[in-house]
Amino acid sequence: MSRSKLIPSLLLGLLFLLILLASAPARLLLAILPAEQLILQGLSGSLWEGTASRVLVKSGSGWLHLGASSWSLSPLSLVVLAPRGEISSHWGRQTLNAVATLHSRNDIEFSDVDLLLDAALLQHYLPVGLVGDIAMQFEEITIRNQYPESATGRIVWQNGGWMSPQGSRQLGSYAVDVQPLASGGLAGEVISLAGDLQANGPIILDQENYSVDVQLSGSGLDDPQLRQALQLLAIPEGDTYRVRLKGSL
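What comes next is a walk through the structure. Here the residue numbering is sequential within each chain, running from 1 through the sequence in written order. Local features are withheld for residues below a pLDDT of 70 in this predicted model, meaning they are given only at 70 or higher, and side-chain atom pairs are given and counted only at 80 or more; totals for whole chains, interfaces and linings count all residues. Each side-chain value is worked out from all heavy atoms of the structure, with water and hydrogens disregarded.

Strands are labelled as partners when DSSP assigns at least two bridges between them. Each helix is a run of DSSP H or I of at least 4 residues and each strand a run of E of at least 2, with the numbering of both proceeding from the N terminus. Across 13 bridges, the pairing between strand β7 (residues 130-144) and strand β8 (residues 147-164) is antiparallel. Bridge pairing in β8 links A135 to V156. The turn linking β7 back onto β8 is made up of two residues, and N145 within it adopts a positive phi angle of 55 degrees. With ten bridges connecting them, β8 and strand β9 (residues 167-180) associate as antiparallel partners. What sits directly across from G153, in β9, is V178. Turn length for the β8-β9 hairpin, with the two strands adjacent in sequence and antiparallel, is two residues.

On to the pattern of salt bridges. By salt bridge we mean one thing: a side-chain nitrogen of Lys or Arg within 4 Å of a carboxyl oxygen of Asp or Glu. Under the counting rule described, the total for this entry stands at ten salt bridges. Put simply, D118 and R93 hold a salt bridge, and the shortest N to O gap is 3.9 Å. On the criterion of sequence distance, the pair formed by D118 in strand β6 (residues 107-118) and R93 in the loop between β4 (84-91) and β5 (94-104) is long-range, its members being 25 residues apart. Buried residues are those whose accessible area, probed at 1.4 Å on protein chains only, stays under 20% of the maximum for their type, while exposed residues exceed 50% and partly exposed ones sit between those limits. Judged by relative accessible area, which is 34%, D118 ranks as partly exposed. Classification of R93 as exposed rests on a relative accessible area of 51%. One salt bridge connects D213 with R244, and the closest N-O pair in it is separated by 3.7 Å. Pair noted here: D213 is in strand β12 (residues 209-217) and R244 is in strand β14 (residues 240-248), with a separation of 31 residues, a long-range link. Note on R244: relative accessible area 47%, which makes it partly exposed. One network of salt bridges, in which partners are shared, links D213, E237, R242 and R244.

All right, on to the packing of aromatic side chains then. Any Phe, Tyr or Trp ring, taking Trp's six-membered ring, that has another such ring centre within 6.5 Å forms a pair; planes under 30 degrees apart are called stacked, those over 60 apart edge-to-face, and the others tilted. Under the definition given, this model contains one aromatic pair. Look at W157 and Y174: their rings are 5.7 Å apart centre to centre, the planes differ by 40 degrees, and that puts the pair in the tilted class. Placement of the pair is W157 in strand β8 and Y174 in strand β9, with a sequence separation of 17 residues. For Y174, a relative accessible area of 6% gives the class buried.

Right under this line is the structure:
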């Protein structure tokens, strides 16, 4: 084929490929995203902008339900083989807004993360039931091999409380400022924002392993039922309690 005929043929082939990509259905995401970490159901729309009626994300304790979700994917990100898009989801009061970049099947980066969860989800890690909302705002989170490797942001437990035999009891509101450690892993510092129970101390997360060393004090400890519940996870130290936990996600 002569050069004069080759160039038009290549241009027509490229145009045909662009038309195919522009009309690519949302179900192609099933071939791009890691099925062992992400489940999408009820897909509609296109590869570039679509919705899913149900999304589940793999976590250390099982599958986290995100509910109905939508996305908008950047076409240029596919050129550099790192799909990047804006995602949002809602499931009851639970909401998520973030920008996600898929570097590989085991390497996902999130930015501009705004997540609201029910504190009851923490029952997988604690022997007492918690109430309230967990609000997370992160500049960035990097997930490698299903575990957080780097993160910068803040977690706030709003209107926190616990479930006593007589029902919900309020504790207060608390925050954890999260930063990456130079040696690897994440470090967080618990601070008290409001309430009669004060909590302060470090939290460390290294791959799937975590450790907690938080001191509890304040007039909230005058509640005998709370002191009884704390015996399941805290050690008395004079008029205060210390929560020391180690485990795996």
